[in-house]
Amino acid sequence: MNQWSDKLLGFGLMRLPKKDDVIELDKVCEMVDAFLANGFTYFDTAYVYPGAEIAFREAVAKRHPRERYTVATKLAAWLLKEGFTAEDMFRESLERCGVDYFDYYLLHSLQPSRIAAYEEQGCWEFGRKMKEEGKVRHLGFSFHGDPTLLDQLLTDHPDIDFVQLQINYADWDDDAIFAKGNYEVCRKHGKDIVVMEPVKGGILAELKPEAMEKFRALDPAASAASYALRYVGSLPGVKMILSGMGTMEQLLDNMDTFRAFKPLSEEEQKAVQDVVSVLQSSDAVPCTNCRYCVKGCPQGILIPDIFRAYNMILNFGDHNRPHFYYAGLQFEGSGKANSCIECGQCEAACPQHIAIVDQLKAASKHLDK
């Protein structure tokens, strides 16, 4: 099978249908059968997605010929320890997935806090070894960092085949996600790109009415998700676009988008930018990320980063993404929004004259629930 399918849609197994927190395998089987019947082939899972590798085995590997599908899974270095090596995790993933090789194998979620673990556990060398032995056909990594780090990684590891990036039109110019910058680094290095979060965790599938009007003016029947998917599919170098589909309705809509894919027209590109403007027109905190407020904070609060999480809620609604991001700030050593002692040094340092103490209280009501 060629490295990449001619159909851009990949089935992400992170958000499978569940009832009482148990994956509904019968529904997964129905979706898998429809996906394959329509000529789509790519399935994406990971060692750390609860039950997903086993669900893949039961719904795909046991029920369809190996040549009908391709599968990607991921190595999580932060779970490795003495007595449990990369090889042990790899073998467990093979058993869980019910295959004897992986078409695509990724080092999972590379970001500043995890780079050392991948180096110390010899994961780069292990991935190359599996590729040499034919147990991995294509080696890559998923990435959550900035363009400087990505450029260094691709310079140090030029044999990597592809990179999986978070790209969507809402994050394209975001200075926390670095979608545009990371995309450009991959293009510079000539790497194939797999897109994750093209619909921003489902947020871009359910737009505010005033935003959705921009798309309905062009095509009343087209879904919001279809524009998000076509946006990333229009980018040169993108070889696969993952969608975590939890219902047959989502699957059917996405397959309609990719069955005969059409890049966005100039008029549609303009509509996308109009939607971005609507999404960013809320009463967000006008923080410019100058970070003058951070240095003297006695509680170690990463104030601009907390405002970024809060602004996600103000712009896109209260969903899991800002909470996931906020939790990561604590991992990086930040105080919580509610740990502010109201000393006021931050407000004295802020060139935007933001009422930081009050805004942290407002952010805390959402983020410290």
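Everything numeric in this text was worked out from a predicted model, so none of it was measured.

Caption draft 1: Quick peek at the environment of Gly145. Along the chain, Gly145 falls in the loop between β7 (136–143) and α6 (147–156). A residue is classified by how much of its surface remains accessible, and Gly145, at 9% relative accessible area, is buried. Sequence separation of Gly145 and Glu332 is 187 residues, and the distance between their C-alpha atoms is 13 Å.

Caption draft 2: Fine view of the nonpolar core. In terms of nonpolar packing, the biggest core is built from 97 residues, with Phe43, Phe56, Phe141, Ile167, Tyr169 and Leu207 touching the most fellow members. In this structure, Phe56 is in contact with Leu13, Phe43, Ala61, Tyr69, Val71, Cys97 and Val99, ignoring residues within four places of it in sequence. Residues Cys293, Val294, Cys297 and Leu302 belong to the second largest nonpolar core, which totals 22 residues.

Caption draft 3: Structural view of helix α12 (residues 303–316). Helix length check: α12, at 14 residues, gives a terminal C-alpha distance of 20 Å against a target of 20 Å (1.5 Å per residue), a fit within 8%. In terms of residue burial, α12 counts as a mostly covered element, since 13 of its 14 residues are buried. Looking one or two residues beyond α12, the residue adopting positive phi is Gly317, at roughly 100°.

Caption draft 4: Looking closely at the packing of aromatic side chains. As enumerated under the stated definition, the model contains 23 aromatic pairs in all. Here the aromatic rings of Trp4 and Tyr42 are separated by 6.2 Å at their centres, their planes lie at 25°, and the arrangement is stacked. Highlighted residues: Trp4 in the segment before β1 (9–12) and Tyr42 in strand β4 (residues 42–44), separated in sequence by 38 residues. For the pair Phe258 and Phe261, a centre-to-centre distance of 5.6 Å together with 10° between the ring planes defines the contact as stacked. Assessed through its relative accessible area of 3%, Phe258 is described here as buried. According to the relative accessible area criterion, Phe261 is partly exposed, its value standing at 24%.

Caption draft 5: How the structure looks around the pattern of salt bridges. Inspection of every chain in the model, using the stated rule, returns 24 salt bridges. One salt bridge connects Asp274 with Lys270, and the closest N-O pair in it is separated by 3.2 Å. Pair noted here: Asp274 and Lys270 are both in helix α11 (residues 266–279), with a separation of four residues, about one helical turn. Taking the relative accessible area as the measure of exposure, Asp274 reaches 26% and is therefore partly exposed. Sharing partners across several salt bridges, the network here consists of Arg15, Glu197 and Arg321.

Caption draft 6: Examining the side chain of Glu53 more closely. Here Glu53 is to be found in helix α2 (residues 52–61). With a relative accessible area of 1%, Glu53 lands in the buried category. Reaching out from Glu53, the side chain makes a polar contact with the side chain of Ser93 at a distance of 2.9 Å. Beyond its immediate stretch of four places on either side in the chain, Glu53 contacts Thr45, Ala46, Tyr47, Thr73, Ser93, Arg96 and Cys97.

Basis of the calculations
- Residues numbered from 1 in each chain as written.
- Predicted model: local features only at pLDDT ≥ 70, side-chain atom pairs only at ≥ 80, totals over all residues.
- Heavy atoms only, no water.
- Helix = DSSP H or I, 4+ residues; strand = E, 2+ residues; numbered from the N terminus.
- Buried < 20%, exposed > 50% of the residue type's maximum accessible area, 1.4 Å probe, protein only.
- Core = buried A, V, L, I, M, F, W, Y, C linked by side-chain atoms within 4.5 Å.
- Contact = heavy atoms within 4.5 Å.
- Expected span 1.5 Å × (residues − 1).
- Phe/Tyr/Trp six-rings, centres within 6.5 Å; stacked < 30°, edge-to-face > 60°.
- Salt bridge = Lys/Arg side-chain N within 4 Å of Asp/Glu carboxyl O.
- Polar contact = N/O pair within 3.5 Å; in protein donor to acceptor, adjacent residues only side chain to side chain.

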